[in-house]
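Tertiary structure, described
So you can see what is in the structure, the chains are spelled out below.
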Amino acid sequence: MRCLITGGSGFIGSNLVDRLLSLGHQVVVVDNFSTGIRSFLKNACSHPNFRLLEADILDPPSLAKIQNAMEGTEVVFHLAANADVRFGLEHPRKDLEQNTIATFHVLESMRVCNVKKIVFSSTGSIYGESKIIPTPEDTPFPVQTSLYGASKLACEGLIAAYCEGYKMQSWIFRFVSILGERYTHGHIFDFYKQLLKNHDQLKILGNGHQKKSYLYVQDCIDAILIAIEKSHDKVNIFNLGTDEYCEVNDSVAIICKELNLDPTLSYTGGERGWIGDNPFIFLDTKKISSLGWKPKFSIKDSVLKTLRYLKANQDNQDILTMRQQDT
Ligand SMILES: NC(=O)c1ccc[n+]([C@@H]2O[C@H](COP(=O)([O-])OP(=O)(O)OC[C@H]3O[C@@H](n4cnc5c(N)ncnc54)[C@H](O)[C@@H]3O)[C@@H](O)[C@H]2O)c1
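Predicted model, so just to flag it, every value in this text is computed and none were measured.

Quick look at the overall build of the chain now. Helix and strand content of the chain: 11 helices and 13 strands. On C-alpha atoms alone, the chain measures out to a radius of gyration of 19 Å, which is about the 20 Å that the 2.2 N^0.38 rule sets for 327 residues. Based on the C-alpha atoms only, the size of the chain along its principal axes is roughly 55 × 45 × 40 Å. Residue burial in the chain is summarised as follows: out of 327 residues, 44% are buried.

Our next topic: the site of the ligand. Around the ligand there are 30 residues in total, and Gly7, Gly10, Gly36, Ala81 and Ser121 lie nearest to it. A total of three residues in the shell around the ligand trace back to one element, the largest contributor, which is helix 1 (residues 11-22). Partitioning the shell around the ligand into residue classes produces 13 nonpolar, 15 polar and two charged.

A separate point is the packing of helix 8 (residues 248-259) against helix 10 (residues 299-312). For any two helices packed against each other, one specifies the inter-axial angle together with the distance between the axes. As a packed pair, helix 8 and helix 10 sit with axes 10 Å apart at the nearest point and diverge in direction by 45°. It follows that helix 8 is oblique to helix 10 by the angle criterion. For helix 8 against helix 10, the interelement crossing comes out right-handed. On the side of helix 8, the interface is formed by Ser251, Ile254, Ile255 and Glu258, while helix 10 contributes Lys300, Val303, Leu304 and Leu307.

The next subject is the packing of helix 1 against helix 7 (residues 217-230). The geometry of helix 1 relative to helix 7 is characterised by a closest axis approach of 10 Å and an angle of 60° between their N-to-C directions. By the angle between their axes, helix 1 is oblique relative to helix 7. For the element pair helix 1 and helix 7, the recorded crossing hand is right-handed. Touching Ile12, Asn15, Leu16 and Arg19 of helix 1 are Val217, Gln218, Cys220 and Ile221, all from helix 7.

A few words now on the sheet that holds strand 4 (residues 75-78). Ordered in space as 3-2-1-4-5-6-11, the seven strands form an open sheet in which the pairing is parallel. Of all the strands in the sheet, just strand 3 (50-54) and strand 11 (235-240) have a single pairing partner and so form its edges. Averaged over all pairs of adjacent strands, the angle between strand axes in this sheet comes to 15°, irrespective of strand direction. By the bridge criterion, four bridges tie strand 1 (residues 2-6) to strand 4 in an arrangement that is parallel.

So, about unusual backbone geometry. The omega torsion across isoleucine 133 and proline 134 is -5°, close enough to zero to call that bond cis. Inspection of the secondary structure puts proline 134 in the loop between strand 5 (117-123) and helix 5 (147-166). At asparagine 114, a position not held by glycine, the phi torsion is positive, near 60°. What makes asparagine 114 exposed here is the crowd of 12 C-beta atoms within 10 Å. Within the chain, arginine 182 stands out as a residue other than glycine whose phi angle is a positive 75°. Residue placement: arginine 182 occurs in the loop between strand 7 (177-179) and helix 6 (187-197). By C-beta crowding, arginine 182 is classed as buried, having 21 other C-beta atoms within 10 Å.

Right, let's talk about the nonpolar core for a bit. By size, the foremost hydrophobic cluster in this structure holds 77 residues, and its most contacted members are Ile5, Ile188, Cys220 and Leu240. Leave out the neighbours within four places in its chain, and isoleucine 5 touches Gly13, Leu16, Val17, Val27, Val29, Phe77 and Leu79. Membership of the second largest hydrophobic core comes to seven residues, among which are Ile126, Tyr127, Tyr148 and Ala150.

The next thing to look at is the domain arrangement of the chain. In terms of domains, the chain is made up of domain 1 (2-178 + 214-240) and domain 2 (181-213 + 244-281 + 297-326). Taken over C-alpha atoms, the centre of domain 1 sits 25 Å from the centre of domain 2. Of the residues lining the interface, 27 residues belong to domain 1; the matching set on domain 2 comes to 23 residues. Contributions of two or more residues to the side of domain 1 that touches domain 2 are made by helix 1, strand 10 (214-216) and helix 7.

With respect to the secondary-structure elements, glutamate 229 resides in helix 7. For glutamate 229, a count of 9 C-beta atoms within 10 Å puts it in the exposed group.

Mapped onto the elements of the fold, lysine 167 is located in the loop between helix 5 and strand 6 (169-175). For the pair lysine 167 and asparagine 114, spaced 53 residues apart in the sequence, the C-alpha separation amounts to 9.9 Å.

Calculation notes
Residues numbered from 1 in each chain as written. Predicted model: local features only at pLDDT ≥ 70, side-chain atom pairs only at ≥ 80, totals over all residues. Helix = DSSP H or I, 4+ residues; strand = E, 2+ residues; numbered from the N terminus. Rg over C-alpha atoms; globule rule 2.2 N^0.38 Å. Buried ≥ 20, exposed ≤ 12 C-beta atoms within 10 Å, placed from the backbone. Near = placed C-beta within 6 Å. Nonpolar A, V, L, I, M, F, W, Y, C, P; charged D, E, K, R; others polar. Axes fitted to C-alpha atoms, helices over the stretch in contact; angles between N-to-C directions. Parallel < 35°, antiparallel > 145°, perpendicular 65-115°, else oblique. Left-handed = near helix turned anticlockwise from the far one by under 90°. Contact = placed C-beta atoms within 7 Å. Pairing = 2+ DSSP bridges. Core = buried A, V, L, I, M, F, W, Y, C linked by C-beta atoms within 7 Å. Domains from an automatic or database assignment.

Here it is in C-alpha cells:
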C-alpha cells in the first residue's frame with residue numbers, strides 16, 4: 001500500500017512510519033518540522049520505500065508539491081497538527097490554522113489527486129467535560145471547552161462532509177493521551193524536565209486529582225491498523241484508550257519511585273490544571289475492542305516506558321529542549 005503521512009516526523013507519526021515500513025508499505029512523509037524531530041526519521045530515511053517531503057501544509061505554494069507527492073497514494077494518515085492542548089488561549093488562531101485549515105488543505109489535495117481514504121488523529125478532548133463516563137463515541141453532542149478540541153471537532157465535520165460529497169472514506173480516532181518512545185510533550189515530559197532541573201521540587205497544575213487515561217503508542221498503532229482493516233463504513237469513528245484511568249498524583253508517584261526521588265510537591269490548585277483541562281477523561285473503548293483489539297500495556301507500563309525513554313535521551317537536546325513553554 002502507498003501511504004502518505006502528514007506529521008510523520010512527530011511522536012506518533014514517526015512510530016507509525018516505522019511500523020508501516022516494517023509491514024512492507026511505501027511511505028511518503030510530509031512535515032514542516034515545526035515540532036517534529038529529524039532523528040525520529042533516521043531509520044526510515046535509509047529505507048528504499050521511504051520518501052520525505054519537507055513542506056508546510058498551510059503554505060499555499062507548497063500545496064502543488066504536496067499534491068505531486070500524493071499522486072498514487074491509497075491512504076493519507078493526517079497527523080500533522082498543533083498537538084498541544086494547553087496553550088490554545090494564548091494564541092487563538094493557532095488551533096484553527098494548524099488543525100482545521102490544515103485539514104481542509106489535506107482534504108482538498110486529496111480531492112485534486114483523487115485519493116479516497118483518510119485516517120485522522122482526533123482527540124478525546126472533543127468530548128469537553130462529558131457527563132457520561134466512560135464516554136462513548138455517540139455521546140450527546142458535546143459542549144467544547146478548549147480551542148484544540150473545537151478545532152479537531154471541526155476537522156471531523158469537514159472530513160465527514162468530504163466523505164459524503166466526494167465519495168471518500170475515513171477512519172477518525174479519538175485518542176486519550178498517548179505515551180511511549182519519542183514522546184515529546186505532555187505531563188510526564190513536563191514533570192521529568194522539572195525534576196532534571198531540580199530534584200527537590202515538583203509543581204503540579206491543578207490539585208493532582210485529575211483523572212486521566214493513557215495509551216501506549218504501539219497499542220494505538222495496532223488499533224488504527226486493525227480498524228482500517230476491519231471497518232468499512234463511510235465514516236468510521238473510534239475512541240482509543242485503555243479500560244483504566246489514574247490520577248495525575250498516581251503518575252507522579254510512579255515517576256518519583258522510578259527516579260528514586262522524593263520532591264516536595266506543590267499544587268496550583270483547583271479541579272483543572274488550566275482552562276479546558278478535563279478533570280476526568282475516560283473513553284468507552286467497546287467499539288474498537290469489538291474488532292478484537294486489546295491494549296498490551298497498562299497505564300503504569302506506559303508511564304514507565306515513557307520515563308525510561310526520556311532518561312535514555314536526557315542528553316539529546318533535540319528532544320529535551322523541545323517545547324520550552326511546557327515547563
Ligand atoms: N500525543 C497525544 O497524546 C495525542 C492525543 C490525542 C490526539 N493527538 C493527535 O495526534 C497527532 C500527532 O500528535 P503527536 O503527539 O505526534 O504530535 P507532534 O507534535 O509530535 O507531531 C505533529 C507533527 O506535525 C508536524 N506539523 C505540524 N504542523 C504542520 C504543518 N502545517 N505542515 C506540516 N507538518 C506539520 C510537526 O512538525 C510534527 O512532526 C496530532 O494530530 C495530535 O493532535 C495526539
